[in-house]
Amino acid sequence: MKLKYYEIDEKKLLEAAKNGKKIAIKMPEGLQPYAAEIMKFLKRNGIDASFLADSCYGACDFKRIEGIDRIICIGEAEMPYLRKKYSPPVTFIEAFYHFNAEIVGKAIPFLEESRIGLVSITPFIHKINECKKYLEGKGYEVFIGRKSRRMKYNGQILGCDFTPAMEIAGNVDVFLFIGDGMFHPVALFIATKRPVVALNPIGGGVLRKEITDAAAKIVKQRYVAIAKAMDGKRVGIIMAEKIGQRRPRLVNELKKMAEKAGMEAYLIIADEIDDRLNYLDFDFYISTACPRVAIDDAAKFKKPVLTPIEFQIMINERQWEDYEFDQIV
Ligand code: SF4
């Protein structure tokens, strides 16, 4: 089945749907406009599915749901370590964008260095080895790092987990990201402190300077957020309900650290973290949920929302020079 740029395997979808009586489908925003089309396809095959219109930011973004006995998540790759924790169980049907690996040639004018770390994301990852071969044929030394427990493929990165890139960062001069958008490559730059070239196989656009500039802007904004939080005495520590974002041990450590630093610290449990934070009587927040919330949604918040690492800098437990991108690994 073709959904805009992406292809999903109908056979796998039907097989998954036959594994339950009360099926619901769930998908990321980009595929949600096709929800009815997918349900119609299932109905034609004798399966009456419903659509979960909740957020779907990744395989992390699940919580307990009653009255459904299987969820089919279309467009995301599974997080293997959560396999037994999803309730109801979830089957992941990935969506792929099919492209010719030779499109990587468009990135060559931007790759002055000789040792390349190759990374990608779900819709494009199936071509990573072909892209590697193509670049090796052009004389580059190419590395693909190993996956963590939170990802399905070697070389795959998430917006919050750059394990395959961190593993090879010491051996490469530059990363080549194969995928769309700025969300992953900018964070990859901050996390690895290596230059990043991004090639979008949909259309063949290539970015390099734009990524460096966007990362520098974010780091500056984070510095301002930390400085603004400095006088705060009452902190809300946010823990997500979503199963792939919960970090209760970290929450406890942060609470102790804040209290030791003479602050009042309270736990906030939330599903979605939004501008409601502006109306609560806390001076600032630390988010242990999706690490992107504090950074990508910063403009929404009138009070500083820090990552755990930024909080350590704020209370002098870490030097600014040791700034790191918060990751859930
Ligand atoms: S925690 Fe955030 S960045 Fe990580 S997979 Fe989930 S939504 Fe994406």
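Going by the structure above, here's the rest.
Keep in mind it's a predicted model, so treat the numbers as computed, not measured.

What to know about helix α2 (residues 35–44)
- Of all the residues in α2, the buried ones are Ala35, Ile38, Phe41 and Leu42. Each buried residue of α2 lies within a common arc of 130° when the element is viewed along its axis, so the set occupies one face. Turned more than 90 degrees away from the buried face of α2, the exposed residues are Ala36, Lys40, Lys43 and Arg44.
- In the core, the buried residues of α2 are packed alongside β1 (2–3), α1 (10–17), β3 (23–26), β4 (49–51) and β5 (70–74).

Quick word on the environment of Tyr6
- Inspection of the secondary structure puts Tyr6 in strand β2 (residues 6–8).
- Judged by relative accessible area, Tyr6 falls into the buried class, the value being 14%.
- Those residues in contact with Tyr6 that sit more than four places away from it in its chain are Met1, Leu31, Ala95, Phe96, Tyr97, Pro123, Phe124, Asp180 and Ile202.

Considerations on the sheet that holds strand β15 (residues 284–287)
- Taken in spatial order, the 4 strands of this open sheet run β14-β13-β15-β16, and their pairing is parallel. Each edge of the open sheet carries a strand with a single partner, namely β14 (264–270) and β16 (305–306).
- Strand direction decides the pairing type here: strand β13 (residues 234–240) and β15, joined by 4 bridges, are parallel. Bridge pairing in β15 places Ile238 opposite Ser287.
- Docked against the sheet, helix α7 (residues 248–260) engages β13, β14 and β15, running at close to 175° with respect to β13.

Remarks on the nonpolar core
- If you look at the biggest cluster of nonpolar residues, it comprises 86 residues, and the most contacted ones within it are Leu42 and Leu176.
- Apart from the residues within four sequence positions on either side, Leu176 is in contact with Val104, Ala107, Leu111, Ile116, Gly117, Leu118, Val119, Leu135, Val197 and Leu199.
- Core analysis: the second largest hydrophobic core is formed by 17 residues, Tyr86, Phe92, Met151 and Leu158 among them.

A few points about the sheet that holds strand β7 (residues 95–96)
- Reading across the sheet, the 3 strands line up as β1-β2-β7 and stay open at both edges, with antiparallel pairing between neighbours. Every interior strand has two partners, whereas the edge strands, β1 and β7, have only one.
- Across 2 bridges, the pairing between β2 and β7 is antiparallel. Pairing of Ile8 across the sheet is with Ala95, part of β7.

Comments concerning the pattern of salt bridges
- This structure, assessed with the given rule, holds 22 salt bridges.
- Residue Lys63 pairs with Asp271 through a salt bridge whose shortest N-O separation is 2.6 Å. One end of the pair, Lys63, is in the loop between β4 and β5; the other, Asp271, is in the loop between β14 and β15, with 208 residues separating them in the sequence.
- The class of Lys63 is partly exposed, set by a relative accessible area of 33%.
- Ionic pairing is found between Glu264 and Arg234, a salt bridge with its closest N-O pair at 3.2 Å. Here Glu264, found in strand β14, pairs with Arg234, found in strand β13; they are 30 residues apart in sequence, far enough to count as distant.
- Through salt bridges with shared partners, a single network forms among Asp61, Lys242 and Glu272.

About the criteria used
Residues numbered from 1 in each chain as written. Predicted model: local features only at pLDDT ≥ 70, side-chain atom pairs only at ≥ 80, totals over all residues. Heavy atoms only, no water. Buried < 20%, exposed > 50% of the residue type's maximum accessible area, 1.4 Å probe, protein only. Helix = DSSP H or I, 4+ residues; strand = E, 2+ residues; numbered from the N terminus. Arc of directions from axis to C-beta. Contact = heavy atoms within 4.5 Å. Pairing = 2+ DSSP bridges. Axes fitted to C-alpha atoms, helices over the stretch in contact; angles between N-to-C directions. Core = buried A, V, L, I, M, F, W, Y, C linked by side-chain atoms within 4.5 Å. Salt bridge = Lys/Arg side-chain N within 4 Å of Asp/Glu carboxyl O.

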